[in-house]
Amino acid sequence: QVQLVESGGGLVQAGGSLRLTCAASARTVSNKPNKPMGWFRQAPGKEREFVAVISWSGGITYYAESVKGRFTISRDNAKNTVYLQMNSLKPEDTAVYYCAGSLREVPTRSAADFGSWGQGTQVTVSS
C-alpha cells in the first residue's frame, strides 16, 4: 500500500528547475501525525543520501551542503503535501528522489530516522 507518492521528476538541462511533490495518504497522516518530512536521493552506485528535511510546523529546515541555496523544502499540512523546489540543477543532482516521513519529533538528517518512504521519482540533469 502506497503511503507517500512523489511526482514532478523529469529530464532537465543543467541550470534548470524542477519542483517535486510528495503526497501523503490519509493513512500515513493518521498514523504519523505531526512529524518531520524529508527528501533523500540515490544515484546509481551510491548510497541513499540526505537532501532536505522540514519540521512539522515548517519552522526548521536542514539541507545537505550540496544543495543548500539551490533547493527549498516546504510543506502544506492542510494538503498533506511536501515539496522540493530545485533550482540551478547540476548533473550531479541526477538521482531517484524519495520523500520520507520521520519517526521522530524533531527533524534529522539520518535515513534511519525515517520509517515511511515513497516510491521515488527520477530526476535527470543533462550537461
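As a reminder, the structure under discussion sits directly above these lines.
Residues numbered from 1 in each chain as written. Predicted model: local features only at pLDDT ≥ 70, side-chain atom pairs only at ≥ 80, totals over all residues. Heavy atoms only, no water.

Caption draft 1: Molecular detail of the overall build of the chain. Broken down by element type, the chain carries one helix and eleven strands. Secondary structure elements in the chain, listed N-terminal to C-terminal, are β-β-β-α-β-β-β-β-β-β-β-β. Since a compact globule built from 127 residues should have a radius of gyration of about 14 Å, the 13 Å found for the chain is in line with a globular shape. Seen through its principal axes, the chain has C-alpha atoms that stretch 40 × 30 × 30 Å. Within the span of the chain, comprising 127 residues, buried residues form 43% of the whole. For the chain, the exposed area adds up to about 6400 Å²; of that, 49% sits on carbon and sulfur atoms. In the chain, which carries 14 positive and 9 negative side-chain charges, the distance between the mean positions of the two groups comes to 4 Å. (Helix = DSSP H or I, 4+ residues; strand = E, 2+ residues; numbered from the N terminus. Rg over C-alpha atoms; globule rule 2.2 N^0.38 Å. Buried < 20%, exposed > 50% of the residue type's maximum accessible area, 1.4 Å probe, protein only. Areas by Shrake-Rupley, 256 points an atom, 1.4 Å probe, with all protein chains shown as cover. Lys, Arg positive; Asp, Glu negative; His and termini not counted. Charge placed at Lys NZ, Arg CZ, Asp CG, Glu CD.)

Caption draft 2: Region of interest: the pairing of strand β8 (residues 81–86). With five of six residues buried, β8 is to be regarded as a mostly interior element. Direction of pairing for strand β3 (residues 18–24) relative to β8: antiparallel, over a ladder of six bridges. Bridging from a neighbouring strand, C22 pairs with V82 of β8. Across six bridges, the pairing between strand β7 (residues 71–76) and β8 is antiparallel. Counterpart to I73 in the pairing with β8 is L84. Taken together, β7 and the strand that follows it, β8, pair antiparallel across an intervening segment of four residues, in which N80 is found at a positive phi of about 55°. (Pairing = 2+ DSSP bridges.)

Caption draft 3: Quick look at the pairing of strand β5 (residues 49–54). Extensive coverage of β5 is indicated by the burial of five of its six residues. Note: strand β4 (residues 37–42) against β5, five bridges, orientation antiparallel. Residue pairing across strands places W39 opposite A52, the latter belonging to β5. Taken together, β4 and the strand that follows it, β5, pair antiparallel across an intervening segment of six residues, in which G45 is found at a positive phi of about 80°. As defined by bridge partners, β5 adjoins strand β6 (residues 61–63) across three bridges and the pair is classed as antiparallel. Within β6, the position partnered with I54 by the bridge is T61.

Caption draft 4: Structural view of the nonpolar core. The biggest cluster of nonpolar side chains holds 30 residues, and the ones touching the most others in it are W39, V51, F71, I73, L84, M86 and Y97. Element by element, the count of residues in this core is highest for β5, at five residues. If we ignore the near neighbours within four places in the chain, the residues touching Y97 are E6, L20, W39, F40, R41, V51, F71, L84, M86, G120, T121 and V123. (Core = buried A, V, L, I, M, F, W, Y, C linked by side-chain atoms within 4.5 Å. Contact = heavy atoms within 4.5 Å.)

Caption draft 5: Region of interest: the state of the cysteines. Applying the stated rule across the entire model yields one disulfide. Linked covalently through their sulfurs, C22 and C99 form a disulfide whose S-S length is 2.0 Å. Here C22 and C99 share a disulfide; its torsion about the S-S bond, 55°, makes the bridge right-handed. Of this pair, C22 sits in strand β3 while C99 sits in strand β9 (residues 95–102), and the two are 77 residues apart along the sequence. The same class applies to C22 as to C99, namely buried. (Disulfide = S-S within 2.5 Å.)

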